[in-house]
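For reference, the chains in residue letters:
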Amino acid sequence: MNFKKLAALAATTALCAPAAFAADMANELTLVSWGGAYQASQQKAYVEPYLAMNPGVKIIWDESSAEAVAKLRAMNEAGNVTWDLVDAVASDSMRLCDEGLADELDHDNDLAAAPDGTSASDDFGDLLVSDCFVPQIVYSTTFGYRTDLIDKPDSVCAIFDLEKYPGKRSLQKRPIDNMEWALYCDGVAKDDIYEVLGTPEGVDRGLAKLDTIKDSVVWWTAGAETPQLLADGEVVMGSTFNGRLFSAIAEQGQPIGMLWDMQSFDLDGWIVPAGLPADRKARVMDFLKFATDTQRLADQAKYISYGPARASSAPLVGKHAELGIDMAPHMPTDPANAGNVHVYDYEWWADNRDDLDAKFQAWLAK
Amino acid sequence: MALTPVENQTPAFTAGVSAVAGGFAGLFVGTAQGSGLMGILIGAALMAVIGFICAGITDKEKPVRWALLAAFTVAGFALGGLPTAVLGILFGLFFGWFAFWLATSRYRAHLAPYLTPGQVLWHYTFRVICGAIFVFLITPILVVMPLSFNAQDFFTFTPEMLRFDPEGYSLKHYRDFFGSDQWQSSLRNSLTIAPAATLLSVGFGTLAAIGLSQPHVPFRRAIMAILISPMIVPLIISAAGMYFFYSRIGLQGTYFGVVLAHAALGIPFVIITVTATLVGFDRSLTRAAANMGANPVTTFFKVQMPLILPGVISGGLFAFITSFDEVVVVLFVGSAGQKTLPWQMFTGLREQISPTILAVATILVVISIALLTTVEMLRRRSERLRGMSPS
């Protein structure tokens, strides 16, 4: 048997395999995601091609990722899991995995290998932060500013400089990122941030720094708020997810600029809820393998400016599907943007989250 | 019709009252410009002068009012273009009329002659307070409507919109609503769930109301209290309870489950409205029907039902609106397959602040107004038929 024949055989097996098992798979799939432009990118990059390959399958979206942990707990308690595949941020997926609410995966067997044969676990590399988690994208929380209302800031510390950059700024209503930025701008070296933040004095120091701008801060909870506030001119700068800013700048033509300094990287990906019946689980695993392959993750970047989580997808990132602009320079992982990044420490936060949340909320209420 | 003979007021009185009104208007204009105090001072001074002049020339009312209108319009246009010119026209119309209304004592003419000045003042202050409350209640809805025609994807009055430039307006959010699968499927879900829930509520609610209005039923008050409790218990508690209960019996995440949950919420409205109409129902009519050989079912449909129909229909409309507007229970009892319109709006507001939500809100406000108008007309008809004067 020569090589060509072998390749053809492999291709037919690959094509026939899903069809052969289709009888054992559920035909309905409930996907949970974040809504908005991000869900639209998933719809176009993986769901529509998957439906084209599997006519007869029905996909239902539920925009409930924000309360994924609480809802999965309730479903588990009620013994009635209605979700099939859930999009969650890395820290939520770690919690779900620890509580046994998400299934552990065998990444090399369950996921597609890279086109050059690299195994999935090597292709995702360090981004596989939990056994239950299949990362899709790298996103960052970073700052946008009104180009017509203030001078171009060149450092994240501009948020603490009310004299040079007067006006309101919007920050996320949680201690994560804000505390790190505060300490960094108070003169703590980047590598020492978590060491300082681990002491009560460090927490006080961070809050004291935030205190200097407390009266000028609008606190947000949903990612859409900062673009809205910036478009209104209600704030002159504000933090949000980089894809939201990209869409306000490139798609809506708002006078907003990006400040990439000290952007905070985070991951978002899929988890499979524990306790699915066999037919639904089979459908989920089939979809998951397709939706997280190299080409699909690269395709997603055509619709939204989040970096694909596979190393092998990065070279395939092309142009925006409608605007035709190169997407690579808008990715948080682009070298020009990633000059000075803040790597958010999941494990540190998993251990200290409850404590800092309480202190942060108490400070907010003061 | 003048109740009280009146004379023209002194210039000092007209100037004084005009100044108060001018100061009040100036407060808003001034606050919008950054200094409420300056606004009050300028508004009061301007209106004092206008009031003083008008009081001196009450015989030339028409030309003076036209001149004031023109002056305000031109001043508005000079200050900020078309939008402020419209404001100027409104101010010119109002204050021209106001100054002469005071100066010629027209405000006093139709009030009873024996009222003291204090009572006259209260008469008008009361109206101003009512108007202010009305504005306070209605403004949020009025702001939403023009924003839904925004050409941009933000909840923002753009400079183009404020200039009344057609470029700044568009129907794209309405197109988005009618063209998107997500919105259309949630509209379909709402339109199938709400009528089914309404039918159940009306059926059960009407039967319960009739049964509970029979004097011989034991524990009437206790049963009534239990049936009305979904209206009183906080929604989130009913919702969480229903979630766990429906999960156990396999109704969670089904169309029928959502319909049942909404019916439970709608029943109290039907019971209350039907019980109210039954108060005016003459029980001797059913006895007369029985006397003539009609069985209870025939009596119900031929005699009782037509008479209490307005109450049934208005209860049904309330039940419909309850189900159509409901978001908390459906978030628990439904799954993504039963996503209703309010659910879609709720997630839309959180994840993507898009004016499509405002377009949907505008459509829903129009529908609600139509439904409430129907209820009110039915109520009046029922009172007319029962010989009560409509109030």
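Residues numbered from 1 in each chain as written. Chains lettered and ligands numbered in written order. Predicted model: local features only at pLDDT ≥ 70, side-chain atom pairs only at ≥ 80, totals over all residues.

Draft legend 1. Molecular detail of the overall build of chain B. Helix and strand counts for chain B stand at 17 helices and zero strands. Relative to the compact-globule value of 21 Å for 391 residues, chain B shows a C-alpha radius of gyration of 29 Å, a clear excess of over 25%. When its C-alpha atoms are laid out on the principal axes, chain B stretches across 80 × 55 × 30 Å. In chain B, buried positions account for 33% of the 391 residues. Within chain B, residue pairs in contact and separated by at least 24 positions form 70% of the contacts whose partners lie at least 6 positions apart. (Helix = DSSP H or I, 4+ residues; strand = E, 2+ residues; numbered from the N terminus. Rg over C-alpha atoms; globule rule 2.2 N^0.38 Å. Buried ≥ 20, exposed ≤ 12 C-beta atoms within 10 Å, placed from the backbone. Contact = placed C-beta atoms within 7 Å.)

Draft legend 2. Spatial organisation of the overall build of chain A. Looking only at helices and strands, one finds 14 helices and ten strands in chain A. Here the C-alpha atoms of chain A give a radius of gyration of 22 Å, agreeing with the 21 Å that 2.2 N^0.38 yields for 366 residues. Expressed as a percentage of its 366 residues, the buried residues of chain A come to 45%. At a minimum sequence separation of 6, the contacts of chain A that also span at least 24 residues come to 73%.

Draft legend 3. Structural detail: helix α4 (residues 90–98) of chain A. Residues and elements named next belong to chain A. Counting buried positions over the nine residues of α4 gives seven, a clear majority of the element. Considered for burial, the residues of α4 that qualify are Ala90, Ser91, Asp92, Ser93, Met94, Leu96 and Cys97. Where α4 is buried, its residues touch α3 (68–78), β3 (85–89), β8 (256–271) and α14 (346–365). Backbone geometry just downstream of α4 places Gly100 in the positive-phi region, at approximately 75 degrees.

Draft legend 4. Molecular detail of the interface of chain B and chain A. Tallying the contact residues gives 18 residues for chain B and 20 residues for chain A. Counting only elements with at least two residues in the side of chain B that touches chain A, the list comes to α11 (235–248) and α16 (341–351) of chain B. Here the residues of the side of chain B that touches chain A sort into six nonpolar, nine polar and three charged. (Nonpolar A, V, L, I, M, F, W, Y, C, P; charged D, E, K, R; others polar.)

Draft legend 5. Just the domain arrangement of chain B, in detail. According to the domain assignment, chain B contains domain 1 (11–114) and domain 2 (180–353). Using only C-alpha atoms to locate each centre, domain 1 of chain B and domain 2 of chain B end up separated by 52 Å. (Domains from an automatic or database assignment.)

Draft legend 6. Structural detail: the environment of Trp343 of chain B. Residues and elements named next belong to chain B. Here Trp343 is to be found in helix α16. Assessed through the 22 C-beta atoms surrounding it within 10 Å, Trp343 is described here as buried. When the C-alpha atoms of Trp343 and Ser190 are compared, they prove to be 9.7 Å apart, with 153 residues separating the residues in sequence. Other than its neighbours up to four places away in sequence, Trp343 contacts Ser186, Val327, Val330 and Leu331.

Draft legend 7. Quick look at the nonpolar core. Of all hydrophobic cores here, the largest spans 55 residues; its most connected members are Leu85, Val86, Leu96, Ile271 and Leu288 of chain A. Discounting chain neighbours no more than four positions away, the residues touching Ile271 of chain A are Val86, Ala88, Ser93, Leu96, Ala102, Cys132 and Phe133 of chain A. In this structure, Ala239, Tyr243, Val258 and Phe332 of chain B belong to the second largest nonpolar core, which totals 36 residues. (Core = buried A, V, L, I, M, F, W, Y, C linked by C-beta atoms within 7 Å.)

Draft legend 8. Spatial organisation of the packing of α4 of chain A against α14 of chain A. All names here are of chain A. Across the interface, α4 lies against α14 with an axial gap of 11 Å and an inter-helix angle of 65 degrees. Here α4 and α14 pass one another in a crossing that is right-handed. Contact residues: Ala90, Ser91 and Met94 in α4; Tyr346, Trp349 and Ala350 in α14. Class assignment of the residues belonging to the contact of α4 with α14 gives a composition of five nonpolar, one polar and no charged. (Axes fitted to C-alpha atoms, helices over the stretch in contact; angles between N-to-C directions. Left-handed = near helix turned anticlockwise from the far one by under 90°.)

Draft legend 9. Looking closely at the packing of helix α7 (residues 178–185) of chain A against helix α9 (residues 200–211) of chain A. All names here are of chain A. It is at 8 Å that the axes of α7 and α9 come closest, and there the two elements cross at 85 degrees. The orientation of α7 relative to α9 falls into the category roughly perpendicular. Contact residues: Asn178, Met179, Ala182, Leu183 and Cys185 in α7; Gly202, Arg205, Gly206, Lys209 and Leu210 in α9. Of the residues belonging to the contact of α7 with α9, the class tally is five nonpolar, three polar and two charged. (Parallel < 35°, antiparallel > 145°, perpendicular 65-115°, else oblique.)

Draft legend 10. Quick look at the confidence of the model for chain B. Counting all residues, the mean pLDDT for chain B is 88, and 98% of those residues have values of 70 or more. Interface predicted TM-score (ipTM) for the complex: 0.75; the corresponding pTM is 0.77. (pLDDT = per-residue confidence, 0-100.)

Draft legend 11. Seen up close, unusual backbone geometry. In the Ramachandran plot, Met262 of chain A falls in the positive-phi region, its phi being about 60 degrees despite a non-glycine side chain. In this structure Met262 of chain A comes out as buried when scored by C-beta crowding, with 23 C-beta atoms within 10 Å. Phi is positive for Phe219 of chain B, which is not a glycine, with a value near 50 degrees. Tracing the chain through its elements places Phe219 of chain B in the loop between α9 (181–212) and α10 (220–232).

Draft legend 12. Inspection of the pairing of β8 of chain A at higher detail. All names here are of chain A. When you tally the buried positions in β8, you get twelve out of 16 residues, the bulk of the element. Two strands pair when backbone bridges link them, and β3 and β8 are joined in this way by four bridges, in the antiparallel orientation. Note on β8: the bridge partner recorded for Val89 is Asp268. As defined by bridge partners, strand β4 (residues 134–146) adjoins β8 across eleven bridges and the pair is classed as antiparallel. The partner of Val138 across the bridge, within β8, is Leu267. (Pairing = 2+ DSSP bridges.)

Draft legend 13. Quick peek at the domain arrangement of chain A. Residue and element names in this part refer to chain A. Domain annotation for chain A reports domain 1 (3–132 + 272–316) and domain 2 (140–266 + 339–365). In this structure, domain 1 and domain 2 have C-alpha centres spaced 31 Å apart. For the side of domain 1 that touches domain 2, the secondary-structure elements that each account for two or more residues are α2 (36–53) and α4. Among the residues forming the side of domain 1 that touches domain 2, the class breakdown is eight nonpolar, three polar and no charged.

Draft legend 14. How the structure looks around the confidence of the model for chain A. Overall, the prediction assigns chain A a mean pLDDT of 87, with 94% of residues at 70 or greater. Per-residue pLDDT stays below 50 along residues 6–22 of chain A; that stretch engages in four contacts with residues further than four places along the chain or on separate chains.

Draft legend 15. Structural context of the environment of Met25 of chain A. All names here are of chain A. By the element assignment, Met25 lies in the loop between α1 (3–21) and β1 (28–32). Judged by local crowding, Met25 falls into the buried class, with 20 C-beta atoms found within 10 Å. For the pair Met25 and Ser93, spaced 68 residues apart in the sequence, the C-alpha separation amounts to 25 Å. Those residues in contact with Met25 that sit more than four places away from it in its chain are Asp279, Ala282, Arg283 and Asp286.

Draft legend 16. Representation of the pairing of strand β5 (residues 169–172) of chain A within the structure. Residue and element names in this part refer to chain A. In β5, alternate side chains face the same way, and those of Arg169 and Leu171 on one face and Ser170 and Gln172 on the other are all buried. Sheet topology places β5 next to strand β6 (residues 217–220); four bridges connect them, and they run parallel. Bridge assignment links Gln172 to a residue of β6, and that residue is Trp220. Summarising the sheet, β5 and strand β7 (residues 237–241) pair through two bridges and their orientation is parallel. By the bridge assignment for β7, Arg169 is matched with Met237.

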